[in-house]
Amino acid sequence: MIVITGATGNVGRPLVELLASAGQKVRALTRDPASARLPSGVEAARTQDLPLDGATSLFLNPAVVWGGAEEMISKATDGGVRRIVLLSSAAALDDDPGNMLATRHRDLEKAIEDAGVEWVFTRPGEFDANALGWAEKLRAGEPVREPFPGSRSAPIHEKDIAAVAARALLDDDLVGTRPLLTGPETITHPDQVRMIGEAIGRPTRFEEITPEEAREEMLRLPYMRPGLVDVLLRLRAEAVDAPEEISPEVERITGRPPRAFAEWAADHADDFR
Ligand SMILES: NC(=O)c1ccc[n+]([C@@H]2O[C@H](COP(=O)([O-])OP(=O)(O)OC[C@H]3O[C@@H](n4cnc5c(N)ncnc54)[C@H](OP(=O)(O)O)[C@@H]3O)[C@@H](O)[C@H]2O)c1
């Protein structure tokens, strides 16, 4: 039995579908099983109950344990889970102690290593799905407003993260590794906004603002902290001259090249219409 946390989310949903279609026994965790719309044959259970009985492997999404993963990790190991695949982050490579995304993911990795189970820490960079944060503005015909239009990253499609996670759960050769995962191309946010416009068949706009304006806008988001805003703006600024490097890991692990952002935009066109 493989338990998938965050099963209705960006990575969890395609991962559950992949495992279920491969004939695996899957328990999908969600806070609301009644509205989860999971594939038939998949057992839906409540995240809040930490239902890990009978589980042999666990896919852990930090989004569901932001308040502390210790309880879930110890319950998993006590209950016989032999392998934990963590949705970690490329941020774990940043040694800035002020980068709470880095320290959070490194702390989770350490807690799992210390638990004495087999582990795989997938380390994706920026998700294509972060573009969903622009959906409300683009649906309203408004521009996406950000600083550093020349900042370049190699965003990754959630289906490619899910494909790597499925291999990490099912095969033994990734055990004890931290694969760095990116998409196939380095692109800018203005490129992404334009590609979304192409996918929905109407022009979309990007407008450059100053870092100070961006800081004020980001601080209005409920989950943002001033320290995190500073880190995120620093990373965007640095990626103008030092774009994220493309990793070969998705293709090496899954046997197929990662999906381009244009494919993601086509897959999600309805979110922006
Ligand atoms: N975004 C990036 O660029 C990026 C880059 C690298 C790594 N990551 C990692 O990926 C994670 C996000 O993965 P994702 O996009 O697949 O997740 P997601 O779609 O944001 O969330 C996954 C699911 O978790 C549940 N959930 C959300 N908040 C919760 C909470 N407070 N308590 C309990 N359950 C909650 C929700 O399901 P229900 O409503 O059904 O319960 C949601 O569908 C990040 O937390 C980070 O660790 C992200």
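The present account deals with the structure reproduced in this document. (Residues numbered from 1 in each chain as written. Predicted model: local features only at pLDDT ≥ 70, side-chain atom pairs only at ≥ 80, totals over all residues. Heavy atoms only, no water.)

Attention now goes to helix 5 (residues 158-170). The end-to-end C-alpha distance of helix 5, which contains 13 residues, comes to 18 Å, matching closely the 18 Å that a straight helix rising 1.5 Å per residue would cover. Across the 13 residues that make up helix 5, a large majority, 10, are buried. Within the sequence span of helix 5, burial applies to Glu158, Asp160, Ile161, Ala162, Ala163, Val164, Ala165, Ala166, Ala168 and Leu169. (Helix = DSSP H or I, 4+ residues; strand = E, 2+ residues; numbered from the N terminus. Expected span 1.5 Å × (residues − 1). Buried < 20%, exposed > 50% of the residue type's maximum accessible area, 1.4 Å probe, protein only.)

Here we come to the site of the ligand. Lining the immediate surroundings of the ligand are 20 residues, of which Thr8, Asn10, Thr30, Arg31 and His105 lie closest. With respect to the ligand, the backbone of valine 11 contributes an N or O atom lying 3.0 Å from an oxygen atom. Here the residues of the shell around the ligand sort into 7 nonpolar, 11 polar and 2 charged. (Near = heavy atom within 4 Å. Polar contact = N/O pair within 3.5 Å; in protein donor to acceptor, adjacent residues only side chain to side chain. Nonpolar A, V, L, I, M, F, W, Y, C, P; charged D, E, K, R; others polar.)

With the exception of glycine, the majority of residues adopt a negative phi angle, and the majority of peptide bonds are in the trans configuration. For leucine 50, which is not a glycine, the phi torsion comes out positive at approximately 45°. Relative to the helices and strands, leucine 50 is located in the loop between strand 3 (43-46) and strand 4 (57-60). We classify leucine 50 as buried; its relative accessible area is 9%. Even without being glycine, phenylalanine 148 reaches a positive phi, approximately 55°. Within the secondary structure, phenylalanine 148 sits in the loop between strand 7 (144-146) and strand 8 (152-153).

Moving on, we get to helix 6 (residues 189-200). End to end, helix 6 covers 17 Å across 12 residues, agreeing with the expected 16 Å (1.5 Å per residue, within 8%). Regarding helix 6, the residues found buried are His189, Gln192, Val193, Met195, Ile196, Gly197 and Ile200.

Below, the discussion takes up the sheet that holds strand 4. Judged by pairing direction, the sheet is parallel, and its 7 strands sit side by side in the order 3-2-1-4-5-6-9 without closing on themselves. Only two strands of the sheet have a single partner each, and these edge strands are strand 3 and strand 9 (180-181). Relative to strand 4, strand 1 (residues 2-4) is paired through 3 bridges, and the arrangement is parallel. Bridging from a neighbouring strand, isoleucine 4 pairs with phenylalanine 59 of strand 4. Across the sheet, helix 1 (residues 12-21) touches strand 1, strand 2 (26-30) and strand 4, and the angle it forms with strand 1 is around 160°. Contacts between helix 5 and the sheet are confined to strand 1, strand 4, strand 5 (83-87), strand 6 (118-124) and strand 9, with strand 5 contributing the most and set at about 165° to the helix. (Pairing = 2+ DSSP bridges. Contact = heavy atoms within 4.5 Å. Axes fitted to C-alpha atoms, helices over the stretch in contact; angles between N-to-C directions.)

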